[in-house]
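Spelled out, the chains give:
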Amino acid sequence: MDRPGLLLLTLPLLTLTALVLGALPAFANSCEGLAALSLPHTIITRAEVVTGGAFSPALGKPLAGLPVFCRVTATLKPTADSDIRVEIWLPQADWNQRLEGSGNGGFAGNISYGALAEGLRRGYAVANTDMGMATPPGENAGIFIDRPERWIDWGYRATHEMTLVAKQVVRAYYARDAGHTYFVGCSTGGEQALMESQRYPDDYDGIVGGAPAHNRTGVHVSILWNFAVNEKTPASYLPLAARTLLAQAVTNACDELDGVKDGVIADPRKCHFDPASLQCKAANQENCLTPAQVETANQLYAGPVNPRTGQSLYPGLPRGSEFAWDGLDRTPGPTAIPPFAPIFQWVFGLNWDWRQFDFDRQNTAFAQKLAGMVNATNPDIDTFRAHGHKLLMYHGWSDWLVPPEESINYYNAVSARSKDSVDPSLRLFMVPGMSHCSGGPGETHFDALGAVVEWVEHGVAPGRIIAAKLPPGESAGAENVQRPLCPYPQIARYQGSGSPNDASSFACTVK
């Protein structure tokens, strides 16, 4: 989206926000009193105190270890076709005077209660939205064909509307505005994060965007490509045994490139393992890859390509992500359906057939139809930066769903607009051995939000973030290995002495 369009879209909304905030009552007196709030195109459907230290959502496991909180639910209808559900949880005591907007995943459609609980436990007033994508039982996002207002809600509007309402509810309940506002999300939540910084630069003081699916049309073409090459023929299919063999061979070849053997590849771009080295020398040979399977692996590493021009359409899967390729493990055959098929149906109709997808002409049509509503690829976050706000991105180097190099591409595009040698408002942390948003053989537990709070409130830009093998407070009878995560383009390299399980034995370097 060009700059004039962004200004025309943002300024009226900011003006509306100021008018609404100024008109709010000074205090609602009680949690239940929030039900009487009158807000634009908003219906408060519930305002209740939750006690007992636990909450049981309609779907999913009960959430424990919660403080007493005020739970507010609302339905937002900024357009005639919108139906955006929002929840806001407000700690009754020990509020840290901060508001956290939290992200969702996939097509959303449900409230992410885990994100609400995590923020609440840390003392935040926290909000989440289903992004206007709830579907009736037995249905999927295919019901949103020919409903562009729903695409816009999912793309950016629902998150912004959630933020406006959450700020107003916080002010009404606590009789003051939040001292600072933050947004945290991964995957779709990462796209929400980047969209906020681009379209609504003053919604949040600090933003954490993990594994962002910000090139939304591109990543879905990537997911389709990976599915299609694996399902092309029965011979092309990579079963568990083949994936395991490939994963181990890649790790053996490239593990020690960072100076230590730990089962993790620090920077897959430096790994040039050729799957052809595993190709079978004879028929019926075991512990090897067939020629068709070698070709599948190469196409997954390469990523989607325009068959007419040879142009890369999206980065490929990184070496070191093979352990997580179980996401590609579908049953081949005529009933196989690729993940996230409904987004293609929005453009091509219910009869869309993934086997006939044209990565040239149809890829172009797909992007032309949706990109302006769902892609957060604009590198212009100049207003966000000029106002002193901070953006921290992170991405697992072993992400099999949203290939990590697209985050590097976006980081480079944003950084190119800065006059400083080190951008004062942007950091990207690549996480070795982490799969999509979490999991994997690396050290994948770290406090990105805490790093952003220090950056925003105390001016301490994160020079490294310590990541651990185990989550906080968990004891599994094993040493909790730690590594530093380094701001891109640096990587953590073992210094040759000290315990390789100790973060202090590593230095951040660009070499």
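Definitions and cut-offs
Within every chain, residues take consecutive numbers counted from 1 along the sequence as written. Note on the predicted model: pLDDT of at least 70 is required for a residue's local features to be given, and 80 or more for side-chain atom pairs to be given and counted; whole-chain, interface and lining totals, by contrast, use all residues. To obtain the side-chain values, all non-hydrogen atoms of the structure were included, while hydrogens and water were left out. Nonpolar cores were defined as sets of buried Ala, Val, Leu, Ile, Met, Phe, Trp, Tyr and Cys residues, with membership established by side-chain atoms within 4.5 Å. Think of it in three bands: residues with accessible area under 20% of the maximum for their type are buried, residues over 50% are exposed, and the middle band is partly exposed, with areas taken using a 1.4 Å probe on protein chains only. Only DSSP runs of H or I reaching four residues or more are called helices, and only runs of E reaching two or more are called strands; each is numbered from the N terminus. Any two residues having at least one pair of non-hydrogen atoms within 4.5 Å are treated as being in contact. Each axis is a line fitted through C-alpha atoms, and for a helix only the stretch in contact is used; angles between axes span 0 to 180 degrees, taken between their N-to-C directions. Any angle between 65 and 115 degrees counts as roughly perpendicular, while under 35 counts as roughly parallel, over 145 as roughly antiparallel, and the rest as oblique. In this description, strands pair whenever DSSP reports at least two bridges between them. Pairs of cysteine sulfur atoms within 2.5 Å are what we label disulfides. Think of a salt bridge as a Lys or Arg side-chain nitrogen and an Asp or Glu carboxyl oxygen that are within 4 Å of each other.

(A) Layout of the nonpolar core. Grouped together as the largest cluster of nonpolar side chains are 106 residues, with contacts concentrated most on L34, V72, I88, L90, L246, W325 and W346. A per-element tally of this core places helix α3 (residues 148-174) first, with 13 residues. The contact partners of I88, leaving out residues within four places of it in the chain, are C70, R71, V72, V126, A127, V165, A166 and V169. Within the second largest apolar cluster, 19 residues are counted, among which are C186, A211, M434 and V453.

(B) Spotlight on the packing of helix α8 (residues 341-348) against helix α9 (residues 361-374). Packing of α8 against α9 leaves a shortest axis separation of 10 Å and a crossing angle of 85°. Comparing the axis directions of α8 and α9 gives the class roughly perpendicular. Between α8 and α9, the contacting residues are I343, F344, W346, V347 and F348 on the first element and Q362, A365, F366, K369 and L370 on the second.

(C) The arrangement of the sheet that holds strand β4 (residues 69-76) in detail. One open sheet holds the nine strands; their spatial order is β1-β4-β5-β7-β6-β8-β9-β10-β11, and the pairing between them is mixed. Bordering the open sheet on either side are β1 (42-50) and β11 (426-431), each of which pairs with just one other strand. Neighbour-to-neighbour, the strand axes of the sheet open up by a mean angle of 15°, direction not taken into account. The sheet contact formed by β1 and β4 spans eight bridges and is antiparallel. Bridge pairing in β4 links T42 to L76. The strands touched by α3 are β1, β4, β5 (84-91), β6 (98-102), β7 (125-129) and β8 (180-186); relative to β5, the strand with the most contacts, the crossing angle is about 35°.

(D) Just the state of the cysteines, in detail. Enumeration over the complete set of coordinates arrives at five disulfides. For C31, the disulfide goes to C70, at an S-S distance of 2.1 Å. Here the S-S torsion is close to 80°, and the disulfide linking C31 with C70 is therefore right-handed. Placement of C31 in the loop between α1 (3-23) and β1 and of C70 in strand β4 is noted, with a sequence separation of 39 residues between them. C70 matches C31 in its accessibility class, with the two residues each being buried. Paired through a disulfide, C186 and C437 show a sulfur-sulfur distance of 2.1 Å. Disulfide C186 to C437: torsion about the S-S bond roughly -100°, handedness left-handed. Separated by 251 residues along the polypeptide, C186 in strand β8 and C437 in the loop between β11 and α12 (448-458) bring together distant segments of the chain. By relative accessible area, C186 is classed as buried at 15%. Each bonded cysteine of the protein gets a number by its place in the sequence, and the pairs then read 1-2, 3-8, 4-5, 6-7, 9-10.

(E) Broad picture of the pattern of salt bridges. This structure, assessed with the given rule, holds 23 salt bridges. One salt bridge connects D447 with R122, and the closest N-O pair in it is separated by 3.1 Å. Linking D447 in the loop between β11 and α12 with R122 in the loop between α2 (113-121) and β7, this pair joins segments that are 325 residues apart in sequence. Its relative accessible area of 36% is what places R122 among the partly exposed residues. Here D267 ties to R269 by a salt bridge, and the two come within 3.1 Å at their closest N and O atoms. Shared partners join several salt bridges into a network, and the residues in it are D380, D382, R385, R417 and D423.

(F) Focus on unusual backbone geometry. Omega for the bond connecting Y488 with P489 falls within 30 degrees of zero, at 15°, which places this linkage in the cis form. Mapped onto the fold, P489 is located in the loop between β13 (482-485) and β14 (491-494). With a phi angle near 65°, M131 is a residue other than glycine that sits in the positive phi range. Its location among the elements puts M131 in the loop between β7 and α3.

(G) Focus on the pairing of strand β10 (residues 390-396). Across the seven residues that make up β10, a large majority, seven, are buried. Side chains K390, L392, Y394 and G396 project from β10 onto one buried face, and the interleaved L391, M393 and H395 project onto a second face that is buried too. Direction of pairing for strand β9 (residues 206-210) relative to β10: parallel, over a ladder of five bridges. If you follow G210 over to β10, its bridge partner there is Y394.

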